[in-house]
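Report on the structure
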Amino acid sequence: MEFLYEYGLFFAKVATVVVAVAIVVAIIVGAAVKPKSEKGELRLSDLSDELDSLKHHLNAELMDKKAFKQYEKAQKAADKQKAKADTPNQRVFVMDFKGGIEAAEVASLRKEISAVLAIATPDDEVVVNVESGGGMVHGYGLASSQLVRFREANIPLTICVDKVAASGGYMMACVANTIIAAPFAIVGSIGVVAQLPNFNRLLRKHDIDYEQHTAGQFKRTITMFGENTDEGREKFREELEQTHQLFKGFVSQYRPTLELDKVATGEHWFGQQALDLGLIDQIGTSDDLLMRLAGERKVVKVQYQIKKKLADKLGHSASVLVNSCLDSLISRNRSV
């Protein structure tokens, strides 16, 4: 009976995962058939006020009544003095970019950047929190070009890397006037990679013919199903090298003091190592930076959110369920 109970429990878990995967696949297929809506809304959050409210609440809880009254009096006096001060209205605009393989998140990023550029001046500053391990060249090339718009408008740009900005992520980060990374953030990976399986021998083994017709000698250099040639492989490697040279040139344009031969090897480094190599400018976290800036300026978070349909929400929930199940199955064998 105990064996049957354990087997039933295991079967139920597996069935849950399979059903969740099926839901995700069905939603993805449905989304591919129907055109996606690009409708969204721009949301602004005053981080300065949020931090002030948090500070006020903590002081109210921790101080005695007399000390808290003195604190409130001093705070009001400081606010009045600040209001009277004849200083430019310097603001800090904060954006987050958590990019996937295709850098699809650039759709929201470009909206946020356009909104900020409509009102920002060189007295303002922009902080972008980048988290990405890279992906498709054209996607991250566009994301980087969007950030260049700040440089062209002479608006100071700071990129914060709390976790990872590698490959395409670093392509974005290098545009900044200042790059700040956490001590164990992963930075660099200035390189290009492409890989795909080839099933030609498997197809031949089962007497399956595959035909591919092209116009142009190098319209297709390597293929998944056809027989690849040495000439095609050489051309493909040549294209990868050309892309790498473009990547290196882009990085050199915005960080001219870098020793590219030393850092453009495809390797990645942790924050402190990246600082020593000149890949970043400071060690720190986005939280430290924003708390410091909030004491000096008005800090506003800018977020463009595309409205999700019910299918998208269900897909996200199913994805979370699948990830949770998989994490629970491998957590015993995983370490950091």
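Overview of the structure. This structure is a prediction, so every number in the text was calculated from the model and none was measured.

**Brief notes about the pairing of strand S3 (residues 125-131)**
- Burial analysis of S3 places six of its seven residues in the buried class, which makes it a mostly covered element.
- A crossover links strand S2 (residues 91-98) with its parallel partner S3, the connecting element being helix H4 (residues 106-117), and its sense is right-handed.
- The sheet contact formed by S3 and strand S4 (residues 157-161) spans four bridges and is parallel. Bridge assignment links Asn129 to a residue of S4, and that residue is Cys160.
- Taken together, S3, helix H5 (residues 137-152) and S4 constitute a β-α-β crossover, and its handedness is right-handed.

**A few points about the pattern of salt bridges**
- Applying the stated criterion across every chain yields a total of 10 salt bridges.
- For Lys235, the salt bridge is made with Glu238, and the minimal N-O distance between the two is 3.7 Å. Highlighted residues: Lys235 and Glu238, both in helix H8 (residues 230-254), separated by three residues, approximately one helical turn.
- Between Glu296 and Arg292 there is a salt bridge, with the nearest N and O atoms lying 3.9 Å from each other.
- With a relative accessible area of 48%, Glu296 lands in the partly exposed category.
- Take Arg292: its relative accessible area is 45%, and that puts it in the partly exposed class.

**What about the pairing of S4?**
- Within S4, five of the five residues are buried, which leaves it mostly tucked inside the rest of the structure.
- Both faces of S4 are covered, namely the face carrying Leu157, Ile159 and Val161 and the face carrying Thr158 and Cys160.
- When S4 meets strand S6 (residues 178-181), the two strands line up parallel, connected through four bridges. By the bridge assignment for S6, Ile159 is matched with Ile179.

**Brief notes about the sheet that holds strand S5 (residues 164-166)**
- Taken in spatial order, the three strands line up as S5-S7-S8 in an open sheet, and their pairing is mixed. Each having just a single partner strand, S5 and strand S8 (268-270) make up the two edges of the open sheet. Adjacent strand axes in the sheet meet at a mean angle of 30°, parallel and antiparallel pairs treated alike.

**Focus on unusual backbone geometry**
- In the Ramachandran plot, Ser167 falls in the positive-phi region, its phi being about 55° despite a non-glycine side chain.
- Looking at the element boundaries, Ser167 is found in the loop between S5 and helix H6 (168-173).

**Some words on a nonpolar patch on the surface**
- Taken together, the side chains of Leu196, Phe199, Leu202, Tyr210, Met224 and Phe225 define a hydrophobic patch exposed on the protein surface, amounting to about 490 Å² of accessible area.
- Mapping Leu196 onto the fold places it in the loop between strand S7 (186-188) and helix H7 (200-205).
- Leu196 gets classed as partly exposed once you look at its relative accessible area, which sits at 38%.

Definitions and cut-offs
Chains are numbered independently. Their residues run from 1 in the order of the written sequence. Given that this is a predicted model, residues contribute local features only at a pLDDT of at least 70 and side-chain atom pairs are listed and counted only at 80 or more, while totals for whole chains, interfaces and linings are drawn from all residues. Water and hydrogen atoms play no part in the side-chain values, which are based on all heavy atoms of the structure. Residue burial is assigned from relative accessible area. The probe radius is 1.4 Å, only protein chains are included, and a residue is buried under 20% of its type maximum, exposed over 50%, and partly exposed in between. Every helix listed is a DSSP run of H or I at least four residues long, and every strand listed is a run of E at least two residues long, numbered separately from the N terminus. If the strands point away from the viewer and the path from the first strand over the helix to the second runs clockwise, then the crossover is right-handed. By this definition, two strands are paired if DSSP reports at least two bridges between them. Throughout this description, the term salt bridge denotes a Lys or Arg side-chain nitrogen within 4 Å of a carboxyl oxygen of Asp or Glu. Between N-to-C directions, angles span 0 to 180 degrees; the directions come from axes that are lines fitted to C-alpha atoms, helices contributing only their stretch in contact. Here, patches come from residues exposed beyond 30% relative accessible area and free of salt bridges, joined within 9 Å for like charges and within 5 Å for nonpolar side chains (Val, Leu, Ile, Met, Phe, Trp, Tyr). The Shrake-Rupley method, run with a 1.4 Å probe sphere, supplies the accessible areas, and residue values consider only the shown protein chains as cover.

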